[in-house]
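One-letter residues, chain by chain:
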Amino acid sequence: MNFLAKKITLFLIKKNIINGDDKEIYEYSFEVLISTIINFLILIIVMLITKRYVETVVFSVVFIITRRLVGGYHSKTHIGCTFSLIAIYAGLIFSISNFNYEKLNNISVLLIIPFMIIILIFAPVGHYNNPLDDEKTIQLRLKGIIFTSILSFIILFLSYYNISNYSFIMAYTEAIVSLLLILGYLENYYKKAF
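Owing to the predicted nature of the structure, the values given are computational and were not obtained by experimental measurement. (Residues numbered from 1 in each chain as written. Predicted model: local features only at pLDDT ≥ 70, side-chain atom pairs only at ≥ 80, totals over all residues. Heavy atoms only, no water.)

A. Region of interest: the overall build of the protein chain. In terms of helices and strands, the protein chain carries seven helices and zero strands. When its C-alpha atoms are laid out on the principal axes, the protein chain stretches across 60 × 40 × 30 Å. Looking at the protein chain as a whole, 39% of its 194 residues qualify as buried. In the protein chain, of all internal contacts separated by at least 6 residues, the share reaching a separation of at least 24 is 76%. (Helix = DSSP H or I, 4+ residues; strand = E, 2+ residues; numbered from the N terminus. Buried < 20%, exposed > 50% of the residue type's maximum accessible area, 1.4 Å probe, protein only. Contact = heavy atoms within 4.5 Å.)

Here it is in structure tokens:
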């Protein structure tokens, strides 16, 4: 990915589309974009194989929005990121394939409280390569709390009426993001401490 990102950047610099002074920024941005596209394509392939269309969309939307708002741990490599995403998604598919709605809905309600507490305490967590200033921290914190509060209400509503396994998909995703939030916080803490 790094090789391809460098080639794209060099091509755009030669065509005078981008400024060569910002070469490293563009290389990193293209690398992240390529990684995101690959992850998205892998999710689509797995979605087509498992025929879990709506579940994949719900998972993806909740995961992307929450991660953008609260941040958290980032894998050190793009391959690590891809494998982590596949493992998280596989855990979700396994759960919704092997447990009934009622059991999953009960689990959903139990997951809400811990993930809300974690988000209230830690969010947002920036990455050491992309630190957050005070203004951005306040904005993301407020948006993250509002989003997860609304999501919690939706999860409770769907669980109470035992409508579908969507409440579990949302709660599972929020629980994973909460764990990534704690890992990101710990990573930043230890980087500053040592």
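B. Structural detail: helix 4 (residues 78–98). Given a rise of 1.5 Å per residue, 21 residues ought to cover 30 Å, and the 30 Å separating the end C-alpha atoms of helix 4 matches this to within 8%. Along helix 4, the residues classified as buried are Gly80, Thr82, Leu85, Ile88, Tyr89, Leu92, Ile93, Ser95 and Ile96. (Expected span 1.5 Å × (residues − 1).)

C. Up close: a nonpolar patch on the surface. A grouping of Leu142, Ile146, Ile150, Phe153, Ile154, Phe157, Tyr160, Tyr161 and Ile163 is seen on the molecular surface, where their side chains present a nonpolar patch of about 990 Å² in accessible area. Along the chain, the position of Ile163 falls in the loop between helix 6 (134–160) and helix 7 (166–193). You can call Ile163 partly exposed: its relative accessible area is 46%. (Patch = residues over 30% accessible without salt bridge, like charges linked within 9 Å, V, L, I, M, F, W, Y side chains within 5 Å. Areas by Shrake-Rupley, 256 points an atom, 1.4 Å probe, with all protein chains shown as cover. Salt bridge = Lys/Arg side-chain N within 4 Å of Asp/Glu carboxyl O.)

D. Examining the pattern of salt bridges more closely. Inspection of every chain in the model, using the stated rule, returns two salt bridges. Here Lys23 ties to Glu27 by a salt bridge, and the two come within 4.0 Å at their closest N and O atoms. Placement of both Lys23 and Glu27 in helix 2 (residues 23–50) is noted, with a separation of four residues, approximately one turn of the helix. For Lys23, a relative accessible area of 33% corresponds to the partly exposed category.

E. Representation of the packing of helix 2 against helix 4. Contact geometry of helix 2 with helix 4 gives a least axis separation of 10 Å together with a crossing angle of 25°. Accordingly, the angle class assigned to the pair helix 2 and helix 4 is roughly parallel. The hand of the helix 2/helix 4 crossing is right-handed. Facing Glu31, Val32, Ser35, Asn39, Ile42, Leu43, Val46, Met47 and Thr50 of helix 2, the residues of helix 4 in contact are His78, Cys81, Thr82, Leu85, Ile86, Tyr89 and Ile93. (Axes fitted to C-alpha atoms, helices over the stretch in contact; angles between N-to-C directions. Parallel < 35°, antiparallel > 145°, perpendicular 65-115°, else oblique. Left-handed = near helix turned anticlockwise from the far one by under 90°.)

F. Representation of the packing of aromatic side chains. As enumerated under the stated definition, the model contains eight aromatic pairs in all. Ring centres of Phe94 and Phe99 lie 6.5 Å apart, and the angle between their planes is 85°; on these two criteria the pair is classed as edge-to-face. Exposure remark for Phe94: the relative accessible area of 52% places this residue in the exposed category. For Phe99, a relative accessible area of 36% translates into the label partly exposed. (Phe/Tyr/Trp six-rings, centres within 6.5 Å; stacked < 30°, edge-to-face > 60°.)

G. Broad picture of helix 3 (residues 53–70). Compared with the 26 Å implied by 1.5 Å per residue over 18 residues, the 26 Å span of helix 3 between its first and last C-alpha is a close match. For helix 3, the full list of buried residues reads Glu55, Thr56, Val58, Phe59, Ser60, Val62, Phe63, Thr66, Arg67, Leu69 and Val70. Gly71 lies just past helix 3 and shows a positive phi near 70°.

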